[in-house]
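Survey of secondary and tertiary structure
Given next are the chains, with one letter for each unit.
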Amino acid sequence: MDKPDLVSRHLARNLIALRQVRALTQEALAKAADVPRSTIANLESGDGNPSLAVLVKVARALQTSIDELTASPRAKVRRWAAADLGAHSRGRGVTTRDLVPEPMPEEVMELMEFAPGAVMAGTPHLPGTREYFSCIEGAVTIFVAGERFELAAGDVLGFPGNVPHSYRNTGAGKARGVSIVVLAKAGV
């Protein structure tokens, strides 16, 4: 475990890097985190000793975790073999696999593979959720709130995730697509 003065330096380095990657000024980050700009400047100097509440606010404003804010320098590279990812059988003839194997708190990204004639009912989400389906091979029909949408390779359909929806492979061969669900925040 790192010493407290090292954690402050890691926090300073990571905070500056994350703020710059997101093209935020200290003032803009302070406003988003609901803290004084001087607090951000103090943290970035490496002299800050923030409370947990301040760390939570800053992490939330940067859409990251406290762990990432305070992490020591290291290469965050990891390779997953296809066999490690695991496929999930859903519906009749539909297999899904996570595209991003690490937790993504506000998104679900899956590769969907449809056998010929495969059918799957969509999972209803909170109001405000948005779903996107990009057909990458074959033909997929998506029914959204009773309306039918035919998709061929390259087509993308965006729709509210809280309404009834389902997927069907309407082609003669297999079909594949990428599903991205941007989850609504509860209580918003």
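Before reading further, recall that the structure is shown in the block above.
As a starting point, this report considers the structure included with it. (Residues numbered from 1 in each chain as written. Predicted model: local features only at pLDDT ≥ 70, side-chain atom pairs only at ≥ 80, totals over all residues. Heavy atoms only, no water.)

With that settled, consider the overall build of the protein chain. Within the protein chain, the regular secondary structure consists of six helices and nine strands. For the protein chain, whose C-alpha radius of gyration is 22 Å, the value lies well above the compact-globule estimate of 16 Å for 188 residues. Dimensions of the protein chain along its principal axes, counting C-alpha atoms only, are 65 × 35 × 25 Å. A burial count over the protein chain gives 31% of its 188 residues as buried. Intrachain contacts of the protein chain at a sequence separation of at least 6 include 61% that bridge at least 24 residues. Positive and negative charge centroids in the protein chain, built from 22 and 20 side chains respectively, lie 1 Å apart. (Helix = DSSP H or I, 4+ residues; strand = E, 2+ residues; numbered from the N terminus. Rg over C-alpha atoms; globule rule 2.2 N^0.38 Å. Buried < 20%, exposed > 50% of the residue type's maximum accessible area, 1.4 Å probe, protein only. Contact = heavy atoms within 4.5 Å. Lys, Arg positive; Asp, Glu negative; His and termini not counted. Charge placed at Lys NZ, Arg CZ, Asp CG, Glu CD.)

Here we take up the side chain of Asn 14. As for its position among the elements, Asn 14 is in helix 1 (residues 4-21). Judged by its relative accessible area of 11%, Asn 14 is buried. Aside from chain neighbours lying at most four places away, what touches Asn 14 is Glu 68, Leu 69, Thr 70 and Ala 71.

Bringing helix 4 (residues 52-61) into the picture now. Where helix 4 is concerned, the buried positions are Val 54, Leu 55, Val 58 and Ala 59. One side of helix 4 holds all its buried residues, which, seen down the axis, span an arc of 130°. Exposed and oriented more than 90 degrees from the buried face of helix 4 are Leu 52 and Arg 60. Gln 63, located one to two residues past helix 4, shows a positive phi value of around 55°. (Arc of directions from axis to C-beta.)

Before going further, it helps to examine the packing of helix 2 (residues 26-33) against helix 3 (residues 37-45). In a packed pair of helices, the relevant descriptors are the angle between the two axes and the axis-to-axis distance. Running from N to C, helix 2 and helix 3 cross one another at 115°; their axes reach a closest spacing of 8 Å. By the angle between their axes, helix 2 is roughly perpendicular relative to helix 3. Helix 3 is crossed by helix 2, and the crossing has right-handed handedness. Together, Gln 26, Glu 27, Leu 29 and Ala 30 of helix 2 and Arg 37, Ile 40, Ala 41 and Glu 44 of helix 3 make up the contact between the two elements. (Axes fitted to C-alpha atoms, helices over the stretch in contact; angles between N-to-C directions. Parallel < 35°, antiparallel > 145°, perpendicular 65-115°, else oblique. Left-handed = near helix turned anticlockwise from the far one by under 90°.)

Take the side chain of Glu 44 next. By the element assignment, Glu 44 lies in helix 3. In contact with Glu 44, not counting residues within four places along its chain, are Ala 12, Leu 15, Ile 16, Arg 19 and Gln 26.

With that settled, the discussion passes to the pairing of strand 2 (residues 92-98). By the bridge criterion, three bridges tie strand 1 (residues 88-90) to strand 2 in an arrangement that is antiparallel. Opposite Arg 90, over in strand 2, you have Val 94 as the bridge partner. The antiparallel pairing of strand 1 with strand 2 creates a hairpin that spans one residue between the two strands, and Gly 91 there sits at a positive phi of about 65°. Relative to strand 3 (residues 107-121), strand 2 is paired through six bridges, and the arrangement is antiparallel. (Pairing = 2+ DSSP bridges.)

A full pass over the atoms with the stated rule returns five salt bridges. As a salt-bridge pair, Arg 148 and Glu 150 come within 2.4 Å of each other at their nearest N and O atoms. The class of Glu 150 is partly exposed, set by a relative accessible area of 47%. Among the charged side chains, a salt-bridge network with shared partners connects Glu 113, Glu 137 and Arg 176. (Salt bridge = Lys/Arg side-chain N within 4 Å of Asp/Glu carboxyl O.)

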